[in-house]
Amino acid sequence: MRGSNVAVVGAGYVGLTTTACLTSLGHRVVCADVDQKKVDMLRRGEATIQEPGIAALIAEGLVSGRLEFVLGARAAVAEAGTVFLCVPTPMSAGGAADLRALEAVVTELRDVLSPGCVVVNKSTVPVGTAVRVGELLDRADVSVVSNPEFLREGSAVYDFLNPNRIVIGAAGHDLAGAERVAGLYEKIDAPVLVTDSASSEMIKYASNCYLATRLSFVNTIAELCEYLDADIDDVTTGMGYDERIGNSFLRPGPGWGGSCLPKDTVALLRTAESVGSEFPVLRAAIDANQRHQELVVDKVRKAVGGDLAGARIGLLGLTFKAGTDDLRDSPALAIAKLLAAEGADLAGYDPSVRGPVAGVTGQVRIVGTAYHAAHGAAAIVVLTEWPEFRALDWPRMAVRLGGRSVIDTRNHLDPLVLDRAGLSYQGIGRPVSRDGSRKPLPPLAA
């Protein structure tokens, strides 16, 4: 399809990535947001999210004239043949997805959409939402399509342009609308699945909830490895050789989090409950995730002598994963909250976090370097796998520490490097002795 006129409503993570990448594919894109400051920054070519490659695509789009940022949704859609809805759908107090922002935008745009326009749900929404959007629009001359995103923060631009699948769901079996949306991606070499809107919406939830369950499983296996003197790294390597399993999402950590998995797991659980279905596997995955975060706190408590009250703890990493500045539902912050509840004095460093952060700095004192986080700390806890933490001068860190313990919840550091610095290392599911060598295997049962 030749360059089309596209509108994107919402300049958040999904919206801005969608905007930048569709522009790079040759389409003319107008992106709208309600935040004047954000719009002004984007007009100047300043990326408002930390994502490799996105700033260059925005700059290229602005220079080419194919990209424009505007304030307000109505200003974006006048000439658009396709309108992507990329507005927030946060978790409500009851756990279901909150669709108020989406419904408000649909109502706002109902009377200004061009005849023949295709409205695309890009936000993660409960099954049935595309049909609901069609009812709100009440326009026989406008198609509604579901096109879920499968973007990983830190590689979202790559994932958009190199997807392993493109899923398009037609509300009311409107295949013409689905085919128009598929045409926007014609320059991308990937399988395209065109289905009904309910199935496409379920694909998104099923994918994320499966990944969350897989992470909870591997974290539980890591816990067992610690009890049984097995090595989680070898265990997951051995599992990954099985092509039925593969090696993705098999790294243990401090629990899963971020902007998608926590809210999507709860939302699907609530959806199941609403139709009288039980989902014990998913519920167990959610409960296990909370347990894994509590186990990290238990490690820290033991490392400082059994009482966290007044203990100074240095936290390395606050974002939910390296390569982003996203703090939403970060497991690092969940663990910080648990530590603070027991009276720990927390100093945190993250390369992407500068200055006070609402809801964070009341519990964690933000410092400018990892060495500041280590100053006088009884223990260091690595919570996010930023590459620079591996490159730290660990002998210098050891001098600044008040204690000797390093708890590495990402298995990110080299135990031998820490041992040479005179530090005691604890990973997740790693039976490593103080000198960095493997512990001897326990005798086999008779």
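What counts and what doesn't
- Residues numbered from 1 in each chain as written.
- Predicted model: local features only at pLDDT ≥ 70, side-chain atom pairs only at ≥ 80, totals over all residues.
- Heavy atoms only, no water.
- UniProt positions renumbered as here; feature names shortened; annotations may be inferred.
- Helix = DSSP H or I, 4+ residues; strand = E, 2+ residues; numbered from the N terminus.
- Rg over C-alpha atoms; globule rule 2.2 N^0.38 Å.
- Buried < 20%, exposed > 50% of the residue type's maximum accessible area, 1.4 Å probe, protein only.
- Contact = heavy atoms within 4.5 Å.
- Areas by Shrake-Rupley, 256 points an atom, 1.4 Å probe, with all protein chains shown as cover.
- Lys, Arg positive; Asp, Glu negative; His and termini not counted.
- Charge placed at Lys NZ, Arg CZ, Asp CG, Glu CD.
- 1 Å grid on protein atoms, 1.4 Å probe; cavity = no way out; pocket = protein on both sides within 12 Å on 5 of 7 lines; lining within 4 Å.
- Points joined across faces, edges and corners; volume = space filled by probe spheres on them.
- Nonpolar A, V, L, I, M, F, W, Y, C, P; charged D, E, K, R; others polar.
- Pairing = 2+ DSSP bridges.
- Axes fitted to C-alpha atoms, helices over the stretch in contact; angles between N-to-C directions.
- Expected span 1.5 Å × (residues − 1).
- Salt bridge = Lys/Arg side-chain N within 4 Å of Asp/Glu carboxyl O.

- An unreviewed UniProt entry lists the protein under the name UDP-glucose 6-dehydrogenase, from Lentzea atacamensis.
- The record held by UniProt for the protein lists under Pathway (unreviewed entry) the comment "Nucleotide-sugar biosynthesis; UDP-alpha-D-glucuronate biosynthesis; UDP-alpha-D-glucuronate from UDP-alpha-D-glucose: step 1/1."
- One UniProt comment on the protein, placed under Catalytic activity (unreviewed entry), says "UDP-alpha-D-glucose + 2 NAD(+) + H2O = UDP-alpha-D-glucuronate + 2 NADH + 3 H(+)".

Quick look at the overall build of the protein
Turning to step 1, where the next piece is worked out: A count of helical and extended segments in the protein gives 16 helices and 14 strands.
Turning to step 2, where the next piece is worked out: Relative to the compact-globule value of 22 Å for 446 residues, the protein shows a C-alpha radius of gyration of 24 Å, a close match.
Turning to step 3, where the next piece is worked out: Overall, the protein is about 70 × 55 × 40 Å in size when its C-alpha atoms are taken along their principal axes.
Turning to step 4, where the next piece is worked out: Within the protein, the fraction of its 446 residues that count as buried is 51%.
Turning to step 5, where the next piece is worked out: Across the protein, contacts joining residues at least 24 apart in sequence account for 71% of those joining residues at least 6 apart.
Turning to step 6, where the next piece is worked out: When the accessible surface of the protein is split by element, carbon and sulfur atoms take 55% of a total near 19600 Å².
Turning to step 7, where the next piece is worked out: Charge centroids of the protein, computed over 44 positive and 52 negative side chains, lie 4 Å from each other.

Concerning the layout of surface pockets
Turning to step 1, where the next piece is worked out: Estimates place the volume of the second largest pocket at around 490 Å³.
Turning to step 2, where the next piece is worked out: Along its surface, the second largest pocket is lined by 22 residues, and Glu226, Leu295, Lys299, Gln426 and Gly427 are the ones closest to its centre.
Turning to step 3, where the next piece is worked out: Here the element with the most residues in the lining of the second largest pocket is helix α11 (residues 280–303); it accounts for seven residues.
Turning to step 4, where the next piece is worked out: Counted by class, the lining of the second largest pocket contains nine nonpolar, five polar and eight charged residues.

Quick notes on the sheet that holds strand β9 (residues 312–316)
Turning to step 1, where the next piece is worked out: The sheet built from six strands is open, its strands ordered β11-β10-β9-β12-β13-β14 with parallel pairing. Here the strands that pair on one side only, and so sit at the sheet edges, are β11 (364–366) and β14 (424–426). On average, adjacent strands in this sheet sit at an angle of 25° to one another, irrespective of strand direction.
Turning to step 2, where the next piece is worked out: Where strand β13 (residues 405–408) meets β14, three bridges bridge the pair, whose relative direction is parallel. Looking at β14, one finds that Ser405 is bridged to Ser424.

Side note on unusual backbone geometry
Turning to step 1, where the next piece is worked out: Backbone geometry places Asp329, a non-glycine residue, at a positive phi of 50°.
Turning to step 2, where the next piece is worked out: Following the sequence through the fold, Asp329 ends up in the loop between β9 and α12 (331–341).
Turning to step 3, where the next piece is worked out: Judged by its relative accessible area of 48%, Asp329 falls in the partly exposed class.
Turning to step 4, where the next piece is worked out: Phi at Asn411 is positive, roughly 50°, even though this residue is not glycine.
Turning to step 5, where the next piece is worked out: Looking at Asn411, the relative accessible area reads 8%, which means it is buried.

As for α11
Turning to step 1, where the next piece is worked out: Counted at 1.5 Å a residue, the expected span for α11 with its 24 residues is 34 Å, and the 34 Å between its end C-alpha atoms agrees.
Turning to step 2, where the next piece is worked out: If you check which residues of α11 are buried, you get Leu282, Ala285, Ala288, Asn289, His292, Gln293, Val296, Val297, Lys299 and Val300.
Turning to step 3, where the next piece is worked out: Phi turns positive one or two residues past the end of α11, at Gly305, with a value near 100°.

Describing the pattern of salt bridges
Turning to step 1, where the next piece is worked out: Here the structure, examined in full by the defined rule, presents 24 salt bridges.
Turning to step 2, where the next piece is worked out: In this structure, Asp40 and Arg43 form a salt bridge, with 3.8 Å as the shortest nitrogen-oxygen distance. Of this pair, Asp40 and Arg43 both sit in helix α2 (residues 36–43), three residues apart, roughly one helical turn.
Turning to step 3, where the next piece is worked out: A relative accessible area of 28% means that Asp40 is categorised as partly exposed.
Turning to step 4, where the next piece is worked out: Across the pair Asp326 and Arg328 runs a salt bridge, and its minimum N-O distance is 2.7 Å.
Turning to step 5, where the next piece is worked out: Because the salt bridges share partners, they merge into one network encompassing Asp298, Arg301, Lys302 and Glu342.

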